[in-house]
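Breakdown of the fold
Chain by chain, the residues run as shown.
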Amino acid sequence: GENVEQHPSTLSVQEGDSAVIKCTYSDSASNYFPWYKQELGKRPQLIIDIRSNVGEKKDQRIAVTLNKTAKHFSLHITETQPEDSAVYFCAASQTGNTPLVFGKGTRLSVIA
Amino acid sequence: ETGVTQSPTHLIKTRGQQVTLRCSSQSGHNTVSWYQQALGQGPQFIFQYYREEENGRGNFPPRFSGLQFPNYSSELNVNALELDDSALYLCASSLDTEAFFGQGTRLTVV
């Protein structure tokens, strides 16, 4: 089955700096890669996703890149703000409607 | 908000008891998935229902069971509760693409 590894487990950055979180996956059949942000005590919220036919996707300060050959994908947050502080999860699935396999999460702290 | 609601939000049960958690999916979403999130971990897939049929199951024992109803709402039942079942239980509904999560039920087994 699919296995998703996520690094780092914790990340501290100064406000305004960039943050990068990396994930690798094992199943070459995976084609859908979402990223979720989870604030303390709240539900995971989808912040961006990418499919295997696309190499990069941007949404304002957030971007995701995908390298299918190497089986890794990354989340990039630029101009970080204190409200970006949360736990971020990457996930993988074969399609958008099949079960998600999650990484263990990255706790991002943005220091003002 | 996602339109996915779960009840109850918090629950305390005794080891050996049974529990039922409920999820109302977003309007029009025919697929519901359940996940268990232990403290400090990522969500782990329990099972998925598509149009009232189980459509996939993760590595959880048979005492974890579920149902999906004609209106696509869903239940998660756990029998013979163990201390390690203490976790946040999340349901997610989807139609074709992204999954939308409910706020979760925090289950504590004592």
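What counts as what
Residues numbered from 1 in each chain as written. Chains lettered and ligands numbered in written order. Predicted model: local features only at pLDDT ≥ 70, side-chain atom pairs only at ≥ 80, totals over all residues. Heavy atoms only, no water. Pairing = 2+ DSSP bridges. Helix = DSSP H or I, 4+ residues; strand = E, 2+ residues; numbered from the N terminus. Axes fitted to C-alpha atoms, helices over the stretch in contact; angles between N-to-C directions. 1 Å grid on protein atoms, 1.4 Å probe; cavity = no way out; pocket = protein on both sides within 12 Å on 5 of 7 lines; lining within 4 Å. Points joined across faces, edges and corners; volume = space filled by probe spheres on them. Nonpolar A, V, L, I, M, F, W, Y, C, P; charged D, E, K, R; others polar.

**Observations concerning the sheet that holds strand S1 (residues 5–7) of chain B**
All names here are of chain B. Read from one edge of the open sheet, four strands run S1-S3-S8-S7, paired in antiparallel fashion. Since the sheet does not close on itself, it has two edges, and those belong to S1 and strand S7 (64–68), each with one partner. Taken pair by pair, the neighbouring strands of this sheet meet at an average axis angle of 20°, ignoring direction. Two elements, strand S3 (residues 19–24) and strand S8 (residues 74–78), share five bridges in a ladder whose sense is antiparallel. Note that in S8 the partner of threonine 20 across the bridge is asparagine 77.

**A short note on the layout of surface pockets**
For the largest pocket, the calculated volume is near 790 Å³. Surrounding the largest pocket, 40 residues form its lining, Phe89(A), Gln37(B), Gly40(B), Gln41(B) and Gly42(B) being those nearest its centre. Sorting the residues of the lining of the largest pocket by element identifies strand S1 (4–7), strand S9 (86–92), strand S10 (101–102) and strand S11 (106–111) of chain A together with strand S5 (44–50) of chain B as the ones contributing at least two each. Per-class residue counts for the lining of the largest pocket are 15 nonpolar, 17 polar and eight charged. Approximately 290 Å³ is the volume attributed to the second largest pocket. Taken together, the residues that form the lining of the second largest pocket break down as one nonpolar, seven polar and six charged.

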